[in-house]
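# Observations on chain architecture
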Amino acid sequence: MVAGFFWIAGELLLPGLALLCRDWRVLQGAVTMILALLAGRLYPGSLLPAELETLSEGPPQPRFHSVCDICGTRVIWKNGVILGFAAFIGSGIRHCFTRNLVPHLPHFFSSHLALVGAEAVACLFVCLTAERFGRRAILLLCTVLTSISSLLLLALTQYLLELIVLTLSVVGTAASHAVTMLSIFFASEVLPTVIRGAGLGLVLGASFMGKAAAPITAIPNSRGFFLHHVVFASFAILAVLSIMLLPESQGRSLPQSLQDGESQRRPPLFRRPPREDHLPLLAPHAIPHDYSRLAASSKRMLRSPDPPREL
């Protein structure tokens, strides 16, 4: 989530930097210099030998697996495919919503700020709700919002008011960005440690494949946009059904081995497991600290010659 905020901050600063540079070559050089400075600050070369020496002296590291080992699993493979499919849809369908914003926001800076603002709202929404209601529930909610907005715009754009079209486009843009971001974050918690890097690489690759499909719709005098919208709207409905098969990672430890990843099960969607009762059986003030009176009365009862009375 922190990376998402940094990405949005960079997109907010990009128009001002482009206005100052005035030329794309100067802009590219300035962005490259900023990235080089940030990389030098975050990964100083003097710390690398010390880190390598520390790792070599520590306990033996677990054996990591390759991408091909994911195909030999059952639950891990299913989770990776579903999350990669959701990330692909979230990145690919976003252009269907942003295209409707162009007539209302003809200027580059206004449209860019509107898109970045929608992404910031989506990132904030995920941060506030995913920890409270669970990853799977919020991912399902955002996918449902994406599919409903795309279907309404696909079927009723000519009959809706411009304000409704603009609202659906903004909601769809924010929801699709939340789907992509939450799918990547969800994959980092569901995939086991031994293949987490390879699994995240596949999910990120699927996300970029969805972005690569957007320029096809920009070809003039073609019907690629309508076909693009129909295909991704159908995929969004299929993603709603697939997300229900995912496990929930909220409040659970990260899986370390392939066996841990295979042992994950799908919990109920709307029914939460009962919470543990941490209250003691007796209140602290009701616990007797002096048992002398209790022992004396018990001895008198045992020594008494009178038989017990019947009730």
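Residues numbered from 1 in each chain as written. Predicted model: local features only at pLDDT ≥ 70, side-chain atom pairs only at ≥ 80, totals over all residues. Heavy atoms only, no water.

Short version of the rule: UniProt positions are given in the numbering used here, feature names are shortened, and annotations may be inferred rather than shown by experiment.
The chain appears in an unreviewed UniProt entry as Solute carrier family 22 member 31 from Malurus cyaneus samueli. According to UniProt, the comment filed for the chain under the heading Subcellular location (unreviewed entry) is "Membrane".

## Quick look at the overall build of the chain
Where we set the bar: We count a stretch as a helix when DSSP gives it H or I for four or more residues in a row; a strand needs E for two or more, and each element gets its number in order from the N terminus. Working definition: with a 1.4 Å probe on protein chains only, accessible area under 20% of the residue-type maximum means buried, over 50% means exposed, and in between means partly exposed. Two residues qualify as a contact provided that any one of their heavy atoms is within 4.5 Å of a heavy atom in the partner residue.
Counting secondary structure elements, the chain contains 12 helices and zero strands. Order of helices (α) and strands (β) in the chain, N terminus to C terminus: α-α-α-α-α-α-α-α-α-α-α-α. Looking at the chain residue by residue over its 311 residues, the buried ones come to 33%. In the chain, once contacts between residues fewer than 6 apart in sequence are set aside, the share between residues at least 24 apart is 80%.

## Description of the packing of aromatic side chains
Inclusion rule: Each Phe, Tyr or Trp ring, with Trp reduced to its six-membered ring, pairs with another whose centre is within 6.5 Å; inter-plane angles below 30 degrees give stacked pairs, above 60 give edge-to-face pairs, and intermediate values give tilted ones.
This structure, assessed with the given rule, holds three aromatic pairs. Between the aromatic rings of Phe232 and Phe235, the centroid separation amounts to 6.2 Å while the plane-to-plane angle is 75°, which identifies the pairing as edge-to-face. A residue pair is termed a helical-turn pair when its members lie 3 or 4 positions apart in one helix, as Phe232 and Phe235 do in helix H10 (residues 224–243) at three residues. What makes Phe232 buried here is its relative accessible area of 5%. Linked through ring pairs, Phe85, Phe88, Phe232 and Phe235 together constitute an aromatic cluster.

## Description of the state of the cysteines
Stated precisely, the cut-off is as follows: To count as a disulfide, a pair of cysteine sulfur atoms needs to be within 2.5 Å.
By the definition in use, this model includes zero disulfides. In this model Cys123 remains outside any disulfide bridge; the closest cysteine sulfur is found in Cys127, 4.4 Å from its own.

## Remarks on the packing of helix H8 (residues 162–190) against helix H9 (residues 196–212)
Just so we agree on the cut-off: Axis definition: a line fitted to C-alpha atoms, over the contacting stretch in the case of helices. Angles run 0 to 180 degrees between N-to-C directions. Should an angle fall under 35 degrees it is called roughly parallel, over 145 degrees roughly antiparallel, and 65 to 115 degrees roughly perpendicular, with every other angle called oblique. For a crossing to be left-handed, the near helix must be turned anticlockwise from the far one by less than a right angle; the clockwise case is right-handed. Ten residues, namely Ala, Val, Leu, Ile, Met, Phe, Trp, Tyr, Cys and Pro, are considered nonpolar, four, namely Asp, Glu, Lys and Arg, are considered charged, and the remaining ones, Gly among them, are considered polar.
Where H8 meets H9, the axes come as close as 9 Å, and the angle between the chain directions of the two elements is 165°. When the axes of H8 and H9 are compared, the pair comes out roughly antiparallel. As for the relative orientation of H8 and H9, their crossing is right-handed in sense. In contact with Thr180, Ser183, Ile184, Ala187 and Ser188 of H8, H9 contributes Arg196, Leu200, Val203, Leu204 and Ser207. For the contact of H8 with H9, the per-class residue count stands at five nonpolar, four polar and one charged.

## Remarks on the environment of Thr143
Using the following cut-off: Polar contacts here mean pairs of N or O atoms no more than 3.5 Å apart (in protein, one a potential hydrogen donor and the other a potential acceptor; neighbouring residues in sequence count only if both atoms are side-chain atoms).
When you line up the elements, Thr143 lands in helix H7 (residues 135–156). When its relative accessible area of 4% is taken as the criterion, Thr143 is described as buried. Excluding its chain neighbours within four sequence positions, the residues that come into contact with Thr143 are Val179, Ala236, Ala239, Val240 and Ile243. From its side chain, Thr143 meets the backbone oxygen of Leu139 in a polar contact 2.6 Å long.

## Description of the nonpolar core
Within soluble globular proteins, side chains that are nonpolar tend to cluster in buried spots. Let me state the cut-off plainly: What is meant by a nonpolar core is a set of buried Ala, Val, Leu, Ile, Met, Phe, Trp, Tyr and Cys residues, joined one to another through side-chain atoms within 4.5 Å.
In terms of nonpolar packing, the biggest core is built from 31 residues, with Leu139 and Leu246 touching the most fellow members. Going through the elements one at a time, helix H4 (75–92), helix H6 (108–133), H7, H8 and H10 are the ones with two or more residues in this core. Every residue in contact with Leu246, bar those within four places of it in the chain, is listed here: Asn79, Ile82, Leu83, Arg136, Leu139, Phe186, Arg266 and Pro267. Listed in part, the 14 residues of the second largest apolar core include Ile89, Leu153, Ala206 and Ala239.

## Quick look at the pattern of salt bridges
Keep this limit in mind: We count a salt bridge whenever a side-chain nitrogen from Lys or Arg sits within 4 Å of a carboxyl oxygen from Asp or Glu.
Using the criterion set out here, one finds three salt bridges in the structure. Where Glu131 meets Arg135, a salt bridge forms, and the shortest distance between an N and an O atom there is 3.1 Å. Taking the shortest distance from any N to any O, the salt bridge between Arg135 and Glu189 comes out at 2.9 Å. Of this pair, Arg135 sits in helix H7 while Glu189 is found in helix H8, placing the two residues 54 residues apart along the sequence. Through salt bridges with shared partners, a single ionic network connects Glu131, Arg135 and Glu189.

## Observations regarding the side chain of Thr98
If you trace the backbone, Thr98 turns up in helix H5 (residues 94–98). For Thr98, the side chain forms a polar contact with the main-chain oxygen of His95, separated by 3.2 Å.

## A closer look at the UniProt feature "transmembrane region" (unreviewed entry) in the chain
The positions that UniProt labels "transmembrane region" (unreviewed entry) are, in the present scheme, residues 109–130, 137–157, 163–187, 199–219 and 225–246. As annotated, residues 163–187 has a helix share of 100% and a strand share of 0%, and its two end C-alpha atoms lie 36 Å apart. Annotated as residues 225–246, this span is 86% helix and 0% strand, and its ends, taken at the C-alpha atoms, are 31 Å apart.

## Brief notes about H4
Counted only if it meets this: Helix span is expected to be 1.5 Å times the residue number reduced by one.
Along its 18 residues, H4 runs 26 Å from first to last C-alpha, staying within 8% of the 26 Å computed at 1.5 Å per residue. H4 sits mainly inside the fold: 13 of its 18 residues count as buried.

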